[in-house]
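Analysis of the macromolecular model
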Amino acid sequence: MTTVYKFGPHTISAGQVFLKTKYSLGLVNLKPILPRRNVQRFLDLSPEEVSDMFQSAQRIGKVIEKEYGATSLTIACQDGPTAGQTVPHCHVHVIPRRLGDFVNNDDIYEKITANSAELLTHPERLTAVLANTVASKGVDNEERLARTEMEMAQEAARLESLLG
């Protein structure tokens, strides 16, 4: 039987998971770290889950910043629908950033919100979102190549090996 995980209402294949801790999972899709337990809000997490999720974010950040040639990270948690949360499962995004990837630095939050639903249904587009984000095209553009489940699994395996 194939292992699957729940991310709110979405089913995530084991091949998209690159980090598993006692309390958290790290997914290839926009690098969210989420509690294993389906909890909608950050405020509902236990102290152990908060600690584990942010320790995981720090660990993942060190790896993906280097792996994706970034110079900084955006670590974002949109806690609740009014804050822009599009998946009703608490999660923190760890997104590698480069100088000039957005003309207005805060546009990243709009792109996270606009693309999270699409990336859950088409997670194969993530690498292009992260690797090819430029100010003139933004996160979502027609030049991105679709990724297969195998390509996502390869990325997850690569990140998992880098995390040790």
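Not measured: the values here are computed from a predicted model.

Thoughts on the environment of P9
Mapped onto the fold, P9 is located in the loop between β1 (4–7) and β2 (10–13). The exposure class assigned to P9 is exposed, which follows from its relative accessible area of 53%. Sequence separation of P9 and P88 is 79 residues, and the distance between their C-alpha atoms is 7.7 Å. When neighbours within four sequence positions are excluded, P9 is seen to be in contact with V87 and P88.

Quick notes on the UniProt feature "binding site: substrate" (unreviewed entry) in the chain
Here, UniProt's "binding site: substrate" (unreviewed entry) annotation points to H10, N29, Q78, G84, Q85, T86, V87 and H93. Tracing the backbone through its elements, the reader meets Q85 in the loop between β6 (72–76) and β7 (92–97). The class of Q85 is buried, set by a relative accessible area of 12%. When residues no more than four places from it in sequence are discounted, the contact partners of Q85 are Q40, R41, Q78, D79, G80, C90 and H91. A polar atom in the side chain of Q85 sits 3.1 Å from the backbone oxygen of Q40.

Some points on the sheet that holds β6
Read from one edge of the open sheet, five strands run β3-β4-β5-β7-β6, paired in antiparallel fashion. The outermost strands of the open sheet, each flanked by one partner alone, are β3 (17–20) and β6. The mean inter-strand angle of the sheet, taken between neighbouring strand axes irrespective of direction, is 20°. As defined by bridge partners, β3 adjoins strand β4 (residues 24–27) across three bridges and the pair is classed as antiparallel. Each residue of the ladder has a partner; that of V17, found in β4, is L27.

Let's talk about the packing of aromatic side chains
Scanning the model with the defined rule gives one aromatic pair in all. Here F42 and F54 contribute two aromatic rings whose centre-to-centre distance is 6.1 Å and whose plane-to-plane angle is 85°, an arrangement assigned as edge-to-face. One end of the pair, F42, is in the loop between β5 (32–35) and α1 (47–67); the other, F54, is in helix α1, with twelve residues separating them in the sequence.

Considerations on the environment of F18
Considering the arrangement of structural elements, one finds F18 in strand β3. For F18 and K31, which are 13 residues apart along the polypeptide, the C-alpha to C-alpha distance reads 9.3 Å. Sequence-distant contacts of F18, defined by excluding residues within four places in its chain, comprise G26, L27, V28, K31, I60, A156, L159, E160 and L163.

Description of the state of the cysteines
All chains considered together, the criterion is met by zero disulfides. Lacking any disulfide linkage, C77 is separated from the closest cysteine sulfur, that of C90, by 4.7 Å. Note on C77: relative accessible area 32%, which makes it partly exposed. The exposure class of C90 is buried, given its relative accessible area of 1%.

The rules behind the values
- Residues numbered from 1 in each chain as written.
- Predicted model: local features only at pLDDT ≥ 70, side-chain atom pairs only at ≥ 80, totals over all residues.
- Heavy atoms only, no water.
- Helix = DSSP H or I, 4+ residues; strand = E, 2+ residues; numbered from the N terminus.
- Buried < 20%, exposed > 50% of the residue type's maximum accessible area, 1.4 Å probe, protein only.
- Contact = heavy atoms within 4.5 Å.
- UniProt positions renumbered as here; feature names shortened; annotations may be inferred.
- Polar contact = N/O pair within 3.5 Å; in protein donor to acceptor, adjacent residues only side chain to side chain.
- Pairing = 2+ DSSP bridges.
- Axes fitted to C-alpha atoms, helices over the stretch in contact; angles between N-to-C directions.
- Phe/Tyr/Trp six-rings, centres within 6.5 Å; stacked < 30°, edge-to-face > 60°.
- Disulfide = S-S within 2.5 Å.

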